[in-house]
Amino acid sequence: MCTQLFDPKVDYIFKNIFGSEKHPKILISFLNACIKSEHPITEVRIKNTEINKEHIEESFSRLDVLATTQDGEIINIEMQRADEKNMVKRSLYYWSKIFSGEYKGKGRYSSLPRTICINILDFKLLDEEKFHNVYILKNKENNNMLTDTLELHFVEIPKMKEIDQNDMLSLWTAFLDDPNNHKLVELEAKYEELHEAKIELARLSRDPKEAEIYRMREDAINERRNFFLETLDKGLKEGREKGLKEGIEKGLKEGRKKEQIKIAKSLLDILDIETISIKTGLSVDEVKELK
């Protein structure tokens, strides 16, 4: 019987495949495919390898991959499955924490490393056609780059329609979306790191202890998703109720205003402006405009 493979988009599984010290080639391959630098990454050191029970069960914990390269660059990879309507600012916030955390009140600002955040999303976020988009700091008018110290990547899995066997990022994205994709299976033998990732995923999927942790993490993620949806529904309901109340009040106010104007017009030939103002509640200037 074939083993049902775990979903590699679950952050616990993603971290065990791409953030494992046992499989540095997998991470290096993915990073080079994503960053596409003129100076390819040849070495990585993973900084947050530990995964404790509290992280697994806590729905708001982050199981990201944080690594440094041979050139001292810091790269953070986060897998996010649910659109919580805060992804861009969330990414900027975590970038700033990682970047400022390297300073620690000592040394020179000039020594702060290039810091890259890669966000892998199981939903559509950006108003862009491509599934992979990169953002850096540039001059608004002439497009000159200010610095390469800040770099944000967004990989939107649902936007990738077809596998491009000449683009390694396309292959990794396809693997995350569906590791059993028949076209991907045909290409595995050609790419050592992709084959290694598939083997590790299969190993994790067969392990009863890993299966228990996997279910725990899925439960935590679902709890967070449900919390977000309930909060969103509550906000929408309160917004609708507030809007309805404000609409009724506005309608009543406009209705009263129309009635005041109607009465005022009927009194123009009978009473003076000041008296009409007093009787209808309209201002003197409003009554004058009716003449």
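Residues numbered from 1 in each chain as written. Predicted model: local features only at pLDDT ≥ 70, side-chain atom pairs only at ≥ 80, totals over all residues. Heavy atoms only, no water.

Caption draft 1: Fine view of the pairing of strand 3 (residues 74–80). Burial within strand 3 is extensive, with seven of its seven residues counted as buried. Because side chains alternate across strand 3, one face comprises the buried residues Ile74, Asn76, Glu78 and Gln80, and the other comprises Ile75, Ile77 and Met79, equally buried. Here strand 2 (residues 65–69) hands over to strand 3 after four residues, with glycine 72 in that stretch at a positive phi of 85°. As paired strands, strand 3 and strand 4 (residues 115–121) are joined by seven bridges and run parallel to one another. Of the residues in strand 4, the one forming a bridge with methionine 79 is isoleucine 120. (Buried < 20%, exposed > 50% of the residue type's maximum accessible area, 1.4 Å probe, protein only. Helix = DSSP H or I, 4+ residues; strand = E, 2+ residues; numbered from the N terminus. Pairing = 2+ DSSP bridges.)

Caption draft 2: Inspection of the nonpolar core at higher detail. Counting 52 residues, the largest nonpolar core has Leu31, Ile77, Ile118, Trp172 and Phe175 as the members making the most contacts within it. A total of eight residues in this core trace back to one element, the largest contributor, which is helix 2 (residues 24–35). By size, the runner-up hydrophobic cluster in this structure holds 14 residues, among which are Phe99, Leu121, Phe123 and Phe154. (Core = buried A, V, L, I, M, F, W, Y, C linked by side-chain atoms within 4.5 Å.)

Caption draft 3: Layout of the side chain of aspartate 64. One can find aspartate 64 in the loop between helix 3 (53–57) and strand 2. With a relative accessible area of 9%, aspartate 64 lands in the buried category. Polar side-chain contacts of aspartate 64 include one of 3.5 Å to the side chain of asparagine 76. The residues touching aspartate 64, leaving out its near neighbours within four places in the chain, are Lys15, Asn48, Asn76, Ile77 and Glu78. (Polar contact = N/O pair within 3.5 Å; in protein donor to acceptor, adjacent residues only side chain to side chain. Contact = heavy atoms within 4.5 Å.)

Caption draft 4: Up close: unusual backbone geometry. One non-glycine residue with positive phi stands out, namely lysine 36, at about 50°. Here lysine 36 lies in the loop between helix 2 and strand 1 (44–46). Unusually for a residue other than glycine, asparagine 143 sits at a positive phi of about 70°. For asparagine 143, the position within the fold is in the loop between strand 5 (132–138) and strand 6 (145–156).

Caption draft 5: Looking closely at the packing of helix 1 (residues 11–18) against helix 7 (residues 192–206). Closest axis-to-axis distance for the helix 1/helix 7 pair is 10 Å, and the angle between their directions is 130°. Classified by the interaxial angle, the pair formed by helix 1 and helix 7 is oblique. The element helix 1 and its partner helix 7 pack so that their crossing is right-handed. Contacts between helix 1 and helix 7 involve Ile13, Asn16 and Ile17 on the former and, on the latter, Ala197, Glu200, Leu201 and Leu204. Split into classes, the residues belonging to the contact of helix 1 with helix 7 amount to five nonpolar, one polar and one charged. (Axes fitted to C-alpha atoms, helices over the stretch in contact; angles between N-to-C directions. Parallel < 35°, antiparallel > 145°, perpendicular 65-115°, else oblique. Left-handed = near helix turned anticlockwise from the far one by under 90°. Nonpolar A, V, L, I, M, F, W, Y, C, P; charged D, E, K, R; others polar.)

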